[in-house]
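Secondary and tertiary structure notes
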Amino acid sequence: MNVGVPREIHPGEQRAALTPAGARALADEGHKVWVERGAGARAGFEDEAYQTAGATIAYARDELFARADLVAAVFPPDPAEYGALLHPGQVVMAFWMLPASRREDVLALQEREVSVIGLEAIADAGGRAPVLESMSEIAGGLAITVGACLLLNAFGGKGILMAGAPGVPPAHVAILGAGVLGRSAARAALGAGAQVMLLDTRLDRLREALVESRGLATMLSTAPNIEKALTFADLILGAVAVRGERAPVLVTRRMLALMKPRSVVVDLSIDMGGCFETSRPTSFPEPAYEVDGILHFCVPNLPAAAARSATVALTNALLPYLVEIGRADLERAVAASGELRRGLYLYRGACAQAHLARAFDLAGASLPWAMG
């Protein structure tokens, strides 16, 4: 199998889908690994390291996609590139976030007859998503680092030190969502000395969070409790997700009026549409903007700010699935693996997920697997 690792072109993206060690593991399995020139450079992995690991450098993006039977990427190609890069039967694994895409883009993918696997959607029967979680763990910690900076006057905040000082209270942090991302952010915020409130609709998740983190306060995520959190939070993080669907909007623009002036919103759900009505995707070097006196930070690919660590973590999570597909073929690998089956959005252009068919009014396909 020819595996391709493209150089990422999404604004602010500095990760690569595979480290040289990951490329070596695939080469040892007998696969031909193609890495686009400079694909790992921004994460600290030079072309020479990939070549030493047994990969071959492709010197142009179109060459990489032309050679690859399976493309492993962080972000998928831009819709404008579908016609030029994608070919029938090709498999593209990336953080597609397809339920938050435009219908015309999904239809264009179907026309190209490609197989699309969303790294964010690969999950076990219990809902655990190993690849997404690897990035969520990094994003949670980074969000607190970013939020702490944005609270400072120099970055437009109200001038609050996250940990406080003797005789000075610490910042109040509220986190919407107690999944892996929210709990990671909660641990980081507590470690930074903040007072932390974690909200979720599931009591079992809140119980798990309390076991993990001493000093954490929790509330059930209801509309009145969210409004209450808005009134006291200096920094509020949105970390909610519904697998296979757009993130629910929990905070409307009207509700921003409940917040103290120059407070900070970090919307970590922005890659699935955002959970604040006033959120819109941003990127470095201008990642923040102001709405009604509230500072917003909405960078979808936040782990790219720690590109080397994130690339290693992504490789650790993704590599077993690449090996699994490589040892069989996509159809047999998906039939044998419920995790891959849940991540498969399109199979040779046919819709493989019932929730995607409902979202975009697509015809359900007759596939060897039941639609999820």
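Attention in this report is confined to the structure presented alongside it. These numbers were taken from a predicted model, which means no experiment stands behind them.

1. Considerations on the overall build of the protein
Of the regular secondary structure elements, the protein holds 13 helices and 15 strands. For 372 residues, the compact-globule estimate of 2.2 N^0.38 gives 21 Å, and the protein sits close to it at 21 Å. The C-alpha extent of the protein, read off along each of the three principal axes, is 65 × 45 × 40 Å. Counting across all 372 residues of the protein, residues that qualify as buried make up 55%. Relative to all contacts within the protein whose residues are 6 or more apart in sequence, the contacts with residues 24 or more apart total 63%. Surface accessibility of the protein: about 15300 Å² in total, with carbon and sulfur atoms responsible for 52%. Charged side chains in the protein number 34 positive and 39 negative. The centres of these two groups are separated by 4 Å.

2. Observations concerning the sheet that holds strand 4 (residues 70-72)
By way of backbone hydrogen bonds, the strands of a sheet pair with one another, either parallel or antiparallel. Strand order in the open sheet made by the eight strands is 3-2-1-4-5-6-14-15, with mixed pairing throughout. What marks the edges here is a single partner per strand, and that holds for strand 3 (56-58) and strand 15 (350-351). Note: strand 1 (residues 2-5) against strand 2 (residues 32-36), four bridges, orientation parallel. Looking at strand 2, one finds that Val5 is bridged to Val35.

3. Quick look at the state of the cysteines
Taken as a whole and judged by the stated rule, the model has zero disulfides. Among the cysteines around Cys275, which has no disulfide bond, Cys298 carries the closest sulfur, lying 9.0 Å off. Judged by relative accessible area, Cys275 falls into the buried class, the value being 0%. Residue classification places Cys298 among the buried residues on the basis of a relative accessible area of 0%.

4. Concerning the pairing of strand 9 (residues 217-220)
Relative to strand 9, strand 8 (residues 195-200) is paired through four bridges, and the arrangement is parallel. Bridge pairing links Asp200 to Leu220 in strand 9. Since strand 8 and strand 9 lie parallel, the crossover through helix 8 (residues 203-212) that links them has a hand, and here it is right-handed.

Each value, and the rule that gives it
- Residues numbered from 1 in each chain as written.
- Predicted model: local features only at pLDDT ≥ 70, side-chain atom pairs only at ≥ 80, totals over all residues.
- Heavy atoms only, no water.
- Helix = DSSP H or I, 4+ residues; strand = E, 2+ residues; numbered from the N terminus.
- Rg over C-alpha atoms; globule rule 2.2 N^0.38 Å.
- Buried < 20%, exposed > 50% of the residue type's maximum accessible area, 1.4 Å probe, protein only.
- Contact = heavy atoms within 4.5 Å.
- Areas by Shrake-Rupley, 256 points an atom, 1.4 Å probe, with all protein chains shown as cover.
- Lys, Arg positive; Asp, Glu negative; His and termini not counted.
- Charge placed at Lys NZ, Arg CZ, Asp CG, Glu CD.
- Pairing = 2+ DSSP bridges.
- Disulfide = S-S within 2.5 Å.
- Right-handed = clockwise from strand over helix to strand, strands pointing away.

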